[in-house]
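Coordinates in review
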Amino acid sequence: MSKDSKTFPLRFSGYHRRDVPAPDSELTSTNPGTPMGEYMRRYWQPVCLSEELKDLPKAIRILGEDLVAFRAKNGSIGVMHLHCAHRGASLEYGIVSENGIRCCYHGWHYAVDGTLQDAPCEHDATRLKDTVCQGAYPAFERNGLVFAYMGPPEQKPPFPEFDSYTFPADTKLVAFSNMYPCNWLQVYENIMDHMHTAVLHNKMVAEGVDSDVAAGVSLEGFGDMPIMQWEATRGGNGCVFVAGRRLPENTVWVRMTEMIFPNYLQIGSLLPTAARERHGNSGCTRWSVPVDDHNMIIFGFRHFNSTVDPDGLGDESECGYDKIDFLEGQVGNRSYEEGQRAPGDWEAIVSQRRIAVHSLEHPGGSDVGVYLCRRLLREAVRGKTAPDALYEQLAAQGRTLPLYSQDSVLRVPELPRAEDRKQILALGKKVLEIMRAADDCATPAERDAYVRRELDRIDGGLAVKAEEGALA
Ligand code: FES
Ligand SMILES: [Fe+2]
């Protein structure tokens, strides 16, 4: 490149910018033995939906490993290496038995823990039974999702039970999945890229298009640019965004959504009721699970209850296998032209390349959350982050884990633009402070009551409340 061609603004400089560097494999690659792959294997991961396990075994690929999942006739779940330990036939053609699976080729029979039960072609299988074991992973079903632990057996953690699974008491968890033909990280980190909602999910890119077709989102406030801040949570084992939006009639909507590393997240209430609610709760828990480095599946629980969906807007039929995730609006099952005319998350994220190349990005202030997420993940992968002490303590006590997602609409008199921005930022910080302080509450019900009470205290605006002495 000549010296002149480097001068801003580099007009018609495509020739000099055509190289595509390698992706950031420390964060994006999850195959066995990779740093991120080993980190992710220390956590329970959903691997398929219960509804995918009928009478036949199911071949799946997770974290770059070819596996077979099945439900034995006694109800126990098997997740094991796809290729039979004898001579490699695929167990997807196996016969599901009372307590395991029998390979179709020579009939070797494995229990769900991989132990060899029987080898009918052998005169005496005693030695084989003592020395051969099919690679298997602990697995179980929970509310329609099948979870497996693919890490070192001695490091198996407790399954994380979040408050949002059982509180409020009328909560129903309904499983779903969504396939994305791209790397897991670009789907996961999208949640910190909250400002895209004002563009991608707004008429800015879907002018004249029915909002249902555009992205399933038509909500006063959601199309406006939020005032954003992002912070680490759980001792660096996660992060949140805090989005403040000015709504009509002197109100402000503060929405928080959290990531829990390595690949979980909890989103706030269902839209559009989120913009008139006041509580700390979540409408959805999601996992961004790598299939391999070029494909991923979102697995999730939609939470149906009277708090996150008081209007009964949620539709259970929208959940299930490769179905629309209500909160994201759409999946990749439309025509190419439909996707071009009204692109949504699927089009935007998949088109970032099969594996997004971070070194080609030009981040701005709106990308702080994405970069925070990557930095925290990198520190966790490198072992620089201590485990989340609260998580360990609560899990050891068999207690559920608090969440930091919430939606609150507060009355706050509108100020001139610059001051209004400042007061919305301060309000967002205060809401996050309230959610953090709620960690001291003993039960989800106490936590909820505390959050509601504290939000009531700041209803009216921080400045007004300070003047009244209400925040002392
Ligand atoms: S290859 Fe499976 S039993 Fe022979
Ligand atoms: Fe989105």
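Computed from a predicted model, the values in this text were never measured in an experiment.

1. Considerations on the environment of Gln155
Take Gln155: it is sitting in the loop between β11 (145-148) and α4 (163-166). For Gln155, a count of 9 C-beta atoms within 10 Å puts it in the exposed group. Once the C-alpha coordinates of Gln155 and Arg42 are considered, the two residues, 113 residues apart in sequence, prove to be 6.9 Å apart.

2. Some thoughts on the sheet that holds strand β7 (residues 109-111)
Taken in spatial order, the 4 strands make up an open sheet running β5-β6-β7-β8, and their pairing is antiparallel. Looking at which strands have only one partner, the edges of the open sheet turn out to be β5 (95-96) and β8 (116-118). The pairing of β7 with β8 spans 2 bridges and is classified as antiparallel. Within the sheet, the bridge partner assigned to His109 lies in β8 and is Asp118.

3. Focus on the environment of Arg411
Note that Arg411 resides in strand β20 (residues 406-411). Here the alpha-carbon distance between Arg411 and Ile458, two residues 47 residues apart in the chain, equals 8.6 Å. In contact with Arg411, other than residues within four places in its own chain, are Asn250, Thr251, Asp459 and Gly460.

4. Here's the deal with the sheet that holds strand β1 (residues 45-49)
A sheet is described by the order of its strands in space; here 3 strands give the open sequence β1-β11-β10, paired in antiparallel fashion. Every other strand in the sheet has two partners, leaving β1 and β10 (139-142) as the edge strands with one partner each. Pairs of neighbouring strands in the sheet enclose a mean axial angle of 35°, with direction left out of account. Both β10 and β11 contribute to a ladder of 4 bridges, which runs antiparallel. From the neighbouring strand, Arg142 faces β11, where its bridge partner is Leu145.

5. Some thoughts on the nonpolar core
Ranked by size, the top nonpolar core spans 100 residues in total, and within it Val47, Ala69, Val79, Val146, Ala148 and Met256 carry the most contacts. Each of domain 1 (44-155) and domain 2 (163-468) contributes no fewer than three residues to this core. Residue contacts for Met256: discarding those within four places in its chain leaves Val240, Phe241, Val242, Gly268, Tyr404, Ser405, Gln406, Val431, Leu432 and Met435.

6. Notes on the packing of helix α12 (residues 417-437) against helix α13 (residues 444-458)
Two elements in contact, α12 and α13, have axes whose closest approach is 10 Å; the angle formed by their N-to-C orientations is 155°. The orientation of α12 with respect to α13, classified from their angle, is roughly antiparallel. You can see that α12 and α13 cross each other, and the crossing is right-handed. Contacts between α12 and α13 pair Leu427, Lys430, Ile434 and Met435 from the former with Val451, Glu454, Leu455 and Ile458 from the latter. The residue makeup of the contact of α12 with α13, split by class, is 6 nonpolar, no polar and 2 charged.

7. Considering the confidence of the model for the protein
Detailed conclusions should not be drawn from predicted coordinates in areas where pLDDT is low. Across the protein, pLDDT averages 89, with 88% of residues at or above 70. The low-confidence segment residues 206-218 (pLDDT under 50) makes 21 contacts with residues lying over four places distant or belonging to another chain.

8. Focus on α13
Between its terminal C-alpha atoms α13 stretches 21 Å, which fits the 21 Å expected from 15 residues at 1.5 Å a residue. Of the residues making up α13, those classed as buried are Pro444, Arg447, Asp448, Val451, Leu455 and Ile458. Looking straight down α13, one finds that the buried residues subtend no more than 100° of arc, so they occupy a single side. Along α13, the residues that are exposed and aim more than 90 degrees away from the buried face are Glu446 and Arg453. Trailing α13 by a residue or two, Gly460 shows a phi angle of about 115°, which is positive.

9. Here we look at the pairing of β11
Of the two faces of β11, both are covered, the one formed by Leu145 and Phe147 as well as the one formed by Val146 and Ala148. Of the strand pairs in this sheet, β1 and β11 are connected by 4 bridges, and their pairing is antiparallel. Note that in β11 the partner of Pro46 across the bridge is Phe147.

10. Side note on the environment of Ser306
Here Ser306 is to be found in the loop between β19 (295-304) and α8 (336-341). Linking Ser306 and Thr171, residues 135 residues apart in sequence, is a C-alpha distance of 7.7 Å. Not counting residues within four places of it along the chain, the set of residues in contact with Ser306 comprises Pro168 and Asp170.

11. Remarks on unusual backbone geometry
Of note, the bond from Phe167 into Pro168 is cis; its omega dihedral lies within 30 degrees of zero at -5°. Tracing the backbone through its elements, the reader meets Pro168 in the loop between α4 and β12 (172-180). Note the cis peptide between Phe261 and Pro262, where omega equals 10°. On the secondary structure map, Pro262 appears in the loop between β15 (251-260) and β16 (264-267). Positive phi outside glycine occurs at Phe12, with the angle close to 45°. Of note, Phe12 is situated in the segment before α1 (25-28). Taking the C-beta count within 10 Å as the criterion, Phe12 has 7 such neighbours and is therefore assigned exposed.

12. Details of α12
An α-helix turns once every 3.6 residues. As a result, residues three or four positions apart point the same way. A rise of 1.5 Å per residue sets the reference length of α12, with its 21 residues, at 30 Å; its end C-alpha atoms lie 30 Å apart and thus fit the reference within 8%. Looking at α12, one finds that the buried residues are Gln423, Ile424, Leu427, Gly428, Lys430, Val431, Leu432, Ile434 and Met435. Looking at the buried residues of α12, the elements they touch are β13 (227-233), β14 (238-247), β15, β20, α13 and α14 (462-468).

Criteria and cut-off values
- Residues numbered from 1 in each chain as written.
- Chains lettered and ligands numbered in written order.
- Predicted model: local features only at pLDDT ≥ 70, side-chain atom pairs only at ≥ 80, totals over all residues.
- Helix = DSSP H or I, 4+ residues; strand = E, 2+ residues; numbered from the N terminus.
- Buried ≥ 20, exposed ≤ 12 C-beta atoms within 10 Å, placed from the backbone.
- Pairing = 2+ DSSP bridges.
- Contact = placed C-beta atoms within 7 Å.
- Axes fitted to C-alpha atoms, helices over the stretch in contact; angles between N-to-C directions.
- Core = buried A, V, L, I, M, F, W, Y, C linked by C-beta atoms within 7 Å.
- Domains from an automatic or database assignment.
- Parallel < 35°, antiparallel > 145°, perpendicular 65-115°, else oblique.
- Left-handed = near helix turned anticlockwise from the far one by under 90°.
- Nonpolar A, V, L, I, M, F, W, Y, C, P; charged D, E, K, R; others polar.
- pLDDT = per-residue confidence, 0-100.
- Expected span 1.5 Å × (residues − 1).
- Arc of directions from axis to C-beta.

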